[in-house]
Amino acid sequence: MLRAIADVLRQIGGAVATVVTLPFRAVARLFGGASSAGRGRRA
């Protein structure tokens, strides 16, 4: 029971994380693709 609830919460968390990070990735791409430069740094 608790494991099923944890799995659902984990899936929801993953979906929320992707939705939240998409605008930031788009902005970073507009400002020269700093997120995908491959420097290994995250601002």
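Worth saying up front: this structure is predicted, and the values here are computed from it rather than measured.

Topic: a nonpolar patch on the surface
Part 1 of the reasoning: A cluster of nonpolar side chains, contributed by Met1, Leu2, Ile5, Val8, Leu9, Ile12, Val16, Val20 and Phe24, occupies part of the molecular surface with about 980 Å² of accessible area.
Part 2 of the reasoning: Examined against the element boundaries, Val20 turns out to sit in helix α1 (residues 2-30).
Part 3 of the reasoning: Taking the relative accessible area as the measure of exposure, Val20 reaches 45% and is therefore partly exposed.

As for the pattern of salt bridges
Part 1 of the reasoning: This model, assessed by the stated rule, comprises one salt bridge.
Part 2 of the reasoning: Residue Asp7 is joined to Arg10 by a salt bridge in which the shortest nitrogen-to-oxygen separation is 2.9 Å. Note that Asp7 and Arg10 are positioned in helix α1 at a spacing of three residues, about one turn of the helix.
Part 3 of the reasoning: On the accessibility criterion, Asp7 (33% relative accessible area) is partly exposed.
Part 4 of the reasoning: For Arg10, a relative accessible area of 57% translates into the label exposed.

Here we look at α1
Part 1 of the reasoning: Compared with an ideal rise of 1.5 Å per residue, which puts 29 residues at 42 Å, α1 spans 42 Å between its outermost C-alpha atoms and is within 8% of the ideal.
Part 2 of the reasoning: Positive phi appears at Gly32, one or two residues downstream of α1, with a value of about 100°.

Rules behind the numbers
- Residues numbered from 1 in each chain as written.
- Predicted model: local features only at pLDDT ≥ 70, side-chain atom pairs only at ≥ 80, totals over all residues.
- Heavy atoms only, no water.
- Patch = residues over 30% accessible without salt bridge, like charges linked within 9 Å, V, L, I, M, F, W, Y side chains within 5 Å.
- Areas by Shrake-Rupley, 256 points an atom, 1.4 Å probe, with all protein chains shown as cover.
- Salt bridge = Lys/Arg side-chain N within 4 Å of Asp/Glu carboxyl O.
- Helix = DSSP H or I, 4+ residues; strand = E, 2+ residues; numbered from the N terminus.
- Buried < 20%, exposed > 50% of the residue type's maximum accessible area, 1.4 Å probe, protein only.
- Expected span 1.5 Å × (residues − 1).

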